[in-house]
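# Reading the structure
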Amino acid sequence: MIMELLELENIWKECNQKIADNNRINREILRRMLLHKPEKTINWMKVRAGLHLLSPLVPLIWLAVTDYQIHITSAFYIGLGLFISTCVIVYVWDLRYFLKVRALNLSDATLTIKKDIAALEKYKVKTTLFRYMLMPVGVAGIVLMFFRTFGLNTDLVIMIFLTLAVCLASAYYRFKYSIGERFRTLNEEIEEIERMENE
């Protein structure tokens, strides 16, 4: 009788252990399924950051395709200096952002992932703000490089007005929707994983 009770107790413990193992496996499967969404978002962020690293090729391709005649003057060199310094600063920021996005690791603890994402978002907002502040310097460099004469005529005023309007509209959209929405979605996906882990 005592043997039967011990045997029953052992069987009961085995069943409890199997149930615990199944729960652990199910949680891991669920976690991996939930990680698929943030992985997709982060992969898309990596692709976009990588494409931004290729942006210096755009002016070079434009110059090669258009066969534009460069007029070497002091204004050209001043404009070139303004444009290249702006491009180098923005490129360094893009490179740092790309490296930070690549360093995101979804196998870390959820709290660590959330901290990394918050730091990444803060960095992106800060560099985007500075980028929009530097944009007039780069545009001034382009104007100095490619326009031979400067007079306050209607064409120049219209071009400056349109450039400023596009910059302001782009900045508004970027800060209001683009950056915030991307990180908000990623944070919601990570919080879903966190809720699952806390259950």
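See the structure above.
Residues numbered from 1 in each chain as written. Predicted model: local features only at pLDDT ≥ 70, side-chain atom pairs only at ≥ 80, totals over all residues. Heavy atoms only, no water.

### A word on the packing of aromatic side chains
For clarity, the threshold we go by: Aromatic contacts are taken between Phe, Tyr and Trp rings whose centres are within 6.5 Å, Trp giving its six-membered ring; a plane angle under 30 degrees counts as stacked, one over 60 as edge-to-face, and the others as tilted. Buried, partly exposed and exposed residues are distinguished by accessible area as a fraction of the type maximum, computed with a 1.4 Å probe on protein chains only: under 20%, between the cut-offs, and over 50%, respectively. Each helix corresponds to a stretch of at least 4 residues labelled H or I by DSSP, and each strand to a stretch of at least 2 residues labelled E; elements are numbered beginning at the N terminus. Whether a charge sits over a ring depends on NZ of Lys or CZ of Arg being within 6 Å of the ring centre and within 35 degrees of the ring normal.
Overall, the coordinates contain two aromatic pairs when judged by the stated rule. Geometrically, the ring pair formed by Phe 76 and Tyr 77 is edge-to-face, given 5.7 Å between the ring centres and 70° between the ring planes. Residue classification places Phe 76 among the buried residues on the basis of a relative accessible area of 7%. Look at Trp 93 and Phe 130: their rings are 6.0 Å apart centre to centre, the planes differ by 35°, and that puts the pair in the tilted class. In this pair, Trp 93 is assigned in helix α3 (residues 74-103) and Phe 130 in helix α4 (residues 110-146), connecting sequence segments 37 residues apart. Residue Trp 93 is classed as buried on the basis of its relative accessible area, which comes to 15%. Of note, Lys 100 hangs over the ring of Tyr 123, and the distance from its end group to the ring centre comes to 4.7 Å. Directly above the ring of Tyr 97 sits Lys 124, whose terminal nitrogen or CZ lies 4.5 Å from the centroid.

### A short note on α4
What counts is decided by this rule: Given a helix with a known number of residues, its expected span is that number minus one, times 1.5 Å. Bending is quantified residue by residue as the angle between axes fitted to the seven-residue window ending at that residue and the seven-residue window starting at it.
Across its 37 residues, α4 extends 51 Å between first and last C-alpha, which sits within 8% of the 54 Å expected from 1.5 Å per residue. Its maximal kink placed at Leu 134, α4 deviates by approximately 35°, while the proline Pro 136 follows within four residues.

### Section: the layout of surface pockets
What counts, and what does not: Cavity: a set of points on a 1 Å grid over the protein atoms alone where a 1.4 Å probe fits but cannot get out. Pocket: an open set with protein on both sides within 12 Å along at least five of seven lines, its lining residues, like those of a cavity, having an atom within 4 Å of a point. Grid points are joined across faces, edges and corners, and a volume is the space filled by probe spheres set on the points. Any residue that is not Ala, Val, Leu, Ile, Met, Phe, Trp, Tyr, Cys, Pro, Asp, Glu, Lys or Arg is counted as polar, Gly included; the first ten are nonpolar and the last four charged.
Considered as a void within the structure, the largest pocket measures approximately 1,000 Å³ in volume. Taken together, 29 residues make up the lining of the largest pocket; nearest its centre are Ser 55, Pro 59, Phe 83, Cys 87 and Ile 142. The element that contributes the greatest number of residues to the lining of the largest pocket is α3, accounting for ten residues. Here the residues of the lining of the largest pocket are counted per class, giving 21 nonpolar, five polar and three charged. Of all the secondary-structure elements, those providing two or more residues to the lining of the second largest pocket are α4 and α5 (154-198). By residue number, the principal contributor to the lining of the second largest pocket is α5, which donates seven residues. For the lining of the second largest pocket, the residue count by class is twelve nonpolar, one polar and no charged.

### Observations concerning the side chain of Thr 86
Relative to the helices and strands, Thr 86 resides in helix α3. Residue Thr 86 is classed as buried on the basis of its relative accessible area of 8%.

### Here's the deal with the pattern of salt bridges
Using the following cut-off: By definition here, a salt bridge exists when the distance from a side-chain nitrogen of Lys or Arg to a carboxyl oxygen of Asp or Glu is within 4 Å.
All chains considered together, the criterion is met by one salt bridge. In this structure, Asp 94 and Arg 131 form a salt bridge, with 2.5 Å as the shortest nitrogen-oxygen distance. Of this pair, Asp 94 sits in helix α3 while Arg 131 sits in helix α4; the two residues are 37 residues apart in sequence, bridging distant segments of the chain.

### With respect to α3
Between the first and last C-alpha of α3 there are 44 Å, a value that for 30 residues agrees with the 44 Å anticipated at 1.5 Å per step. Of the positions making up α3, those classed as buried are Phe 76, Gly 79, Phe 83, Thr 86, Val 90, Trp 93, Asp 94, Tyr 97, Phe 98 and Val 101.

### Focus: the environment of Tyr 123
Stated formally: We call two residues contacting when some pair of their heavy atoms lies within 4.5 Å.
With respect to the helices, strands and loops of the structure, Tyr 123 is situated in helix α4. Given the relative accessible area of 10%, Tyr 123 is considered buried. For the pair formed by Tyr 123 and Trp 93, sequence separation is 30 residues and the distance between their alpha carbons is 9.2 Å. Filtering out sequence-adjacent residues up to four positions away, Tyr 123 remains in contact with Trp 93, Arg 96, Tyr 97 and Lys 100.

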